[in-house]
Each structure stands twice: as structure tokens, then as C-alpha cells.
Amino acid sequence: MKSYLQEPVAKKLPDASEASIDRRHYYRQFLHGYYQFDCVVEKGVTRSTKFYIPEGSVYNQPTIFIGVPGGNNTWEFMVNSGWKALSDQYGLYLVLMEAADETGWKGDAADLAYLNALNNDISLRPMFCSFQPNFYAAAYGDAADVIGVQSRRNPRAYAAAALIGTNGMSAEEATVLKETETKVPGVSLAEVQCPVWLSFAEHTEAVDREIEYYKTADHSSSETICKGTKTVWLPAEGGDADEYWCAKVVTDTIPYEKCLNKNYGEQILTELFDGIYRYPGNNNGALRKAGNIFERGFERYSADVWGGYYADKRDTYRREWYVYQPQKTVSENNVPAVFVFHGAGGSGDEIADRIGWSYVADKYGLIIIMPTASEPNEVRNISDISTNNIFRPMWNTGYPQPERPEDMRFIDYLHQWLIENYPVDPSRIYASGQSSGGMMSWACAAYRPDLFAASAPFSARDIDIEAKERGEAEKPPVKGSPVPIIANLGTCDAAFKGGFSQAEELINLWCDHYALTKKWEDYSYTDGGKNCSRKEGKLAHYIFETKAGVPLLYLTETDTKAHATWPSECEFVWTEFLSHFAKDPETKQLFYNGKACE
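What about the pattern of salt bridges?
Argument step 1. A complete count under the given rule lists 23 salt bridges for this structure.
Argument step 2. A salt bridge links Lys-106 to Asp-101; its shortest N-O distance comes to 3.3 Å.
Argument step 3. You can call Lys-106 partly exposed: its relative accessible area is 48%.
Argument step 4. Overall, Asp-101 belongs to the partly exposed group, its relative accessible area being 37%.
Argument step 5. Across the pair Lys-215 and Glu-212 runs a salt bridge, and its minimum N-O distance is 3.2 Å. Of the two residues, Lys-215 and Glu-212 both sit in helix 6 (residues 205-217), 3 residues apart, roughly one turn of that helix.
Argument step 6. When salt bridges that share partners are traced, they join Arg-24, Asp-304 and Arg-318 into one network.

Shown next as C-alpha cells:
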């Protein structure tokens, strides 16, 4: 009989072309089991890694990067440390990082290059749907210090790190971190929050230096919680809606060998990792804490929805969506609602709490609905890996395909479903989203003007890139009642460099369609707000109005922002723009501040 600790043969990842659509279980995780992954660090240099994907897991679950100490059998360490059992219990993905050889981790440039290349590859979803904002590191023994260095030099790598068996930090590293500026101007590496768990055999000067480093970076308060050998520093009150002070510092004076059990791993998981996310709000990753969405009142729904390709409707897909109705609105009627569309690789549940619309819903009494996009079954070759876009759901605003539904048809279904099942005001239904979801928000304004009173696309300046790539002629905006649009791009958005300076065709399309008094060339963009309607803090505003002064197109650019949506921006677009518009569901007449628009 096979021993539980006996290492099975790590399976080879399947070819990307072998992935298949299952319409009945549309968002299933394709892989489960123990896999070998060869990480290409650079040309001619490949390092070994293992994956463990538990059976029955779903998309975008927390991914734990386990630093396996040198000289250990990877499978046995995963079992003995308790992480396999935790993975099976909680549905976690495990990435098992291995030393180059039996001599163990050296902490040199080669080790750091491997760790950074691996972190990048996993973010690209190599045959399973991981999600970078919930990457975490748990490193043991001689892996602890090298992964500690990597995480401090590369702040976006992990949302939190547990360094079990750390030897501390050198004075030289502490100086370098203070003096090295991050990709966010004016912010040093030593000023980036990182929740951390430090376990060590004894206090040394280097260990105490490391503790003080994290306490400063994480805005630790003077109050501590002590239990046995463990001490916890909670963060002081501070931060803002876009980045909370939410990083704990946990220390434990204990040899790392005594930490190799499920109970200890579960403490790390539940006390440090749980609910902490590092979102791409800026180039360091904005740290925020979010609670369990179902405990907060979110509801999940699913139904078979026709994809639109076959006339006999045999191409139905089991689609999913999430709805949040704040308790304060339960006894009300005519509540405004916002469709919130996730970006490529996201899902309705991951977007639910992270970009700020749930906060706006609580504060202003909105219902939000968050659908999950369709999946293109197509091979994707990127960064020396081959994967499939099944693991990267994104919105299809073009035509239906044999194995790809038309998502505009899904929106038709959800719009009617929402009105029938929630006390929604049909005259105040809006659209918003980021990246691929931002394109979907543009598409809602273009192709479904009768359904939406206004739209707010973020981090997008196209209606449908995929449709263009497939050679489909992009449909012009539908004639009829206009849909006011407030759109935002970040000046540090690597996906859309140049901001709105590269969006002349799209902007003038709307300016012409709505007969606005200004056009794209009347402003300059990404110049620090030198030629805009007005500049407020990090926001530059570009306003395009009708002759009557109604702002039907409103563009904003946010300094220092990467490819993302900030929670503060959600509140801004609601209070300053969306909430001012309504549309009669019968006549399709648009109203601005209660007055009919010409």
C-alpha cells in the first residue's frame, strides 16, 4: 500500500490546446492534483517548481507560495508542514518553490531571479486561474531569508509573508531599502506595508532589526497582544479608502522545526493572510482588507443562459453572478443599481468587495450586481509559458462564437432578472467596470442605450479589442437616447500608455454622436493637467458638454495610478456624475438633475 508521505510522480501540465469548455460547469477549475512546472528564469536557465491544486477548487482562490527548505522532499514537506491538508480544506492553490540543488537556498542573484520570474509566471495563470492580489508567501528554514529579501525588494509579489526560521535583516539591507525609491515616486521600499509573520529561534540584533523594520513600514501601534511565545502588533489607525493601514506584525520565538504542522500553518492562514489583498491600485500594490462577502450579505446566483450562436438555443452556459443589497435598502422601493464588471481573469466574487462599489452601496443605498464574464477557449503564449484563456474570463462584446457566448445577451437577461427580483428603480440602472470590464461598460453605452442611465468605464479606452483582433467590424453606437459616460485612466497604466492621448477615435465617436461642443483635440492629455477643464489633486478632468451644458462625456486621469480602480474613484463617479442622471424606461428620455435633456 502506498505511504501517504510517498511522493507521487508530479504530473506534466497538459497541453494548452487540451482544455475544453464545459457549459454545465462553466467556471470549473481545469486542473487538480500535483504538477511539475518548469520556470524559465532566462534563456538557458530553467528552475523546478511544483503545483498542488485541490480537487473541487474554483477560480481565483488564495495562492500560497511555499518556500521549501533545501534538502527536503517537496511532497513530504507539503504534507508534514500541514499545507496540503489546508489546501484540501480551504481550496487553496499551492506553489512549491524549490532550491536549485541539494545544497539549499543560497540567497544569491540566481535565487532572486527565479523567485521573481516564478511570481510573474503564476500571475499569468499557467493552466489554472490564480489571482495576483491574493498571492501569499510562507517560507521555511533557509528559504525564509531569501524570500524575505525578494518580498521586500518586490512589494507587489505578495499580499503578506510568513518567514519561518528567519535569521533577520542586515544593516546594509535596511539602508538600501530606505534609500531605494519604488515605482511610486517619493515612496521608498521601506515605506511599503507588508503584513508579516516572523518565527525565529532567538532574538539577535539582526532579528530585532527586522522586527523594527516591519513595525515602521506597517504603521504598528504601541499596543501588543501577547500569547505564549507569540507577540502581535496591530496597525495604528490610518490610511484611506484606497489603501488601509491593515498590516499586522507577528513574531514568535520558536525553532522553525516546531512550526511544521497543520495547526501552525492554519494560524498563519487565518490570523495573517485571511482577507488581506494587494490590489494594483498603484505600482506598489494597494493593501486593503476585505471581509467574507457572504457573511456581509452578498448572494450568488446561477442560471442557464443562451449564448446566441445556435438558433435552436442548444448553446446554453451555466452563468453566475453576485448581488449585494445593503440592509438599509431592504424595505425600500426604487433603489438605484450598478452593474460592476470585473477585468480579464477576474470573476464576480473577486470584484465584489475590492474596488469600492460595495462601500458606495453601503453609504448611498445602492444595489450592485457583479456577473462573471465568458471564457475564450484559445491558447495563449506569453512569457515562455503556454496556457489557455479559459483561465482568464473576459467580456465578449462582439458576436457569439461556437464556444463563446455573446455577453451582451447575458446583460439583457440580467437586466430583466434584476428588475424582477430586486426593488430596483428601472430609471436608475448604471454600468461600471475596469479593464475588460471597462470595455464592457463602454459597450453597454454603445449597444444597450435603452437599459442604462449612465456608464463609468475604468482602465479601458476600447469597446472590444477582441472583436477587432477577430476582424469583426466594430459596431457604431446605437442611435437613440444617449448614455452619459464618465471614463478614467491612470497615468501609470502600463496597459494603456499615453492615457486618453491615444483615444482620439473613441472620444470623437461619442462627441460626434452626442453633438458635444468640444472634441478630443481641444484638450491635451497626460501632461499633468496643463490643458484640461480643471485639476484637483491627482485628478485631471476633461469635460465634454452639450450646448445646454449637460456633461455627456467626462474623462478623468489619475496621477500615479496603475491599471485599476481606486475605491475613492467609485464614490466620486457616483456622487459627481452617475447619480445626476436618470432615464425613463418607457420613453427613454434622459434626465439630468431632474430636467429632461434635449
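Overview of the packing of helix 4 (residues 142-153) against helix 5 (residues 171-179)
Argument step 1. Between helix 4 and helix 5, the least distance of the axes is 11 Å, while the angle of their chain directions is 15°. Judged by the angle between their axes, helix 4 and helix 5 are roughly parallel. Relative to helix 5, helix 4 is oriented so that their crossing is right-handed. In contact with Val-149, Arg-152 and Arg-153 of helix 4, helix 5 contributes Glu-173, Val-176 and Leu-177.
Argument step 2. A per-class count over the contact of helix 4 with helix 5 returns 3 nonpolar, no polar and 3 charged.

Overview of the packing of helix 11 (residues 407-421) against helix 12 (residues 436-447)
Argument step 1. Packing of helix 11 against helix 12 brings their axes to within 11 Å, and their N-to-C directions diverge by 75°. By the angle between their directions, the pair helix 11 and helix 12 is classed as roughly perpendicular. Two secondary-structure elements touch here, helix 11 through Asp-407, Met-408 and Ile-411 and helix 12 through Met-440, Ala-443, Cys-444 and Tyr-447.
Argument step 2. Grouping the constituent residues of the contact of helix 11 with helix 12 by class yields 6 nonpolar, no polar and 1 charged.

Thoughts on the pairing of strand 7 (residues 160-164)
Argument step 1. Of all 5 residues in strand 7, 5 are buried; the element is thus mostly enclosed.
Argument step 2. Burial along strand 7 is two-sided: Ala-160, Ala-162 and Ile-164 facing one way and Ala-161 and Leu-163 facing the other are all buried.
Argument step 3. Relative to strand 7, strand 6 (residues 135-140) is paired through 5 bridges, and the arrangement is parallel. Across the sheet, residue Tyr-136 finds its bridge partner in strand 7, namely Ala-160.
Argument step 4. Running through helix 4, the crossover from strand 6 to the neighbouring parallel element strand 7 is right-handed.
Argument step 5. Note that strand 7 and strand 8 (residues 196-200) share 4 bridges and pair parallel. Directly across from Ala-161, in strand 8, lies its bridge partner Val-196.

What about the environment of Val-79?
Argument step 1. Mapped onto the elements, Val-79 comes out in helix 1 (residues 74-80).
Argument step 2. For the pair Val-79 and Arg-409, spaced 330 residues apart in sequence, the C-alpha separation works out to 46 Å.

So, the side chain of Ser-427
Argument step 1. Among the structural elements, Ser-427 can be located in strand 20 (residues 424-434).
Argument step 2. Within the structure, Ser-427 has its side chain in polar contact with the side chain of Asp-425 (distance 2.7 Å).
Argument step 3. With residues near it in sequence (within four places) discarded, Ser-427 still touches Ala-453, Ala-582, Lys-583 and Pro-585.

Details of the sheet that holds strand 27 (residues 590-592)
Argument step 1. Taken in spatial order, the 3 strands line up as 26-27-28 in an open sheet, and their pairing is antiparallel. Of all the strands in the sheet, just strand 26 (581-583) and strand 28 (595-596) have a single pairing partner and so form its edges.

As for the sheet that holds strand 16 (residues 335-341)
Argument step 1. Strand order in the open sheet made by the 10 strands is 14-15-17-16-20-21-22-25-24-23, with mixed pairing throughout. Either end of the sheet is taken by a strand with one partner, and the two such strands are strand 14 (299-306) and strand 23 (534-536). Strand after strand, the sheet turns through a mean of 20° between neighbouring axes, direction not considered.
Argument step 2. Sheet analysis places strand 16 next to strand 20, joined by 6 bridges and oriented parallel. Bridge pairing links Val-340 to Ser-432 in strand 20.
Argument step 3. Running at roughly 50° to strand 15 (residues 316-324), helix 11 makes contact with strand 14, strand 15, strand 16, strand 17 (367-371) and strand 20 of the sheet.

Some thoughts on a negative patch on the surface
Argument step 1. Together, Glu-504, Glu-505, Glu-521 and Asp-522 give the surface a local cluster of negative charge.
Argument step 2. Within the secondary structure layout, Glu-521 lies in the loop between helix 14 (504-513) and strand 23.

Conventions and cut-offs
- Residues numbered from 1 in each chain as written.
- Predicted model: local features only at pLDDT ≥ 70, side-chain atom pairs only at ≥ 80, totals over all residues.
- Heavy atoms only, no water.
- Salt bridge = Lys/Arg side-chain N within 4 Å of Asp/Glu carboxyl O.
- Buried < 20%, exposed > 50% of the residue type's maximum accessible area, 1.4 Å probe, protein only.
- Helix = DSSP H or I, 4+ residues; strand = E, 2+ residues; numbered from the N terminus.
- Axes fitted to C-alpha atoms, helices over the stretch in contact; angles between N-to-C directions.
- Parallel < 35°, antiparallel > 145°, perpendicular 65-115°, else oblique.
- Left-handed = near helix turned anticlockwise from the far one by under 90°.
- Contact = heavy atoms within 4.5 Å.
- Nonpolar A, V, L, I, M, F, W, Y, C, P; charged D, E, K, R; others polar.
- Pairing = 2+ DSSP bridges.
- Right-handed = clockwise from strand over helix to strand, strands pointing away.
- Polar contact = N/O pair within 3.5 Å; in protein donor to acceptor, adjacent residues only side chain to side chain.
- Patch = residues over 30% accessible without salt bridge, like charges linked within 9 Å, V, L, I, M, F, W, Y side chains within 5 Å.
- Areas by Shrake-Rupley, 256 points an atom, 1.4 Å probe, with all protein chains shown as cover.
- Lys, Arg positive; Asp, Glu negative; His and termini not counted.
- Charge placed at Lys NZ, Arg CZ, Asp CG, Glu CD.

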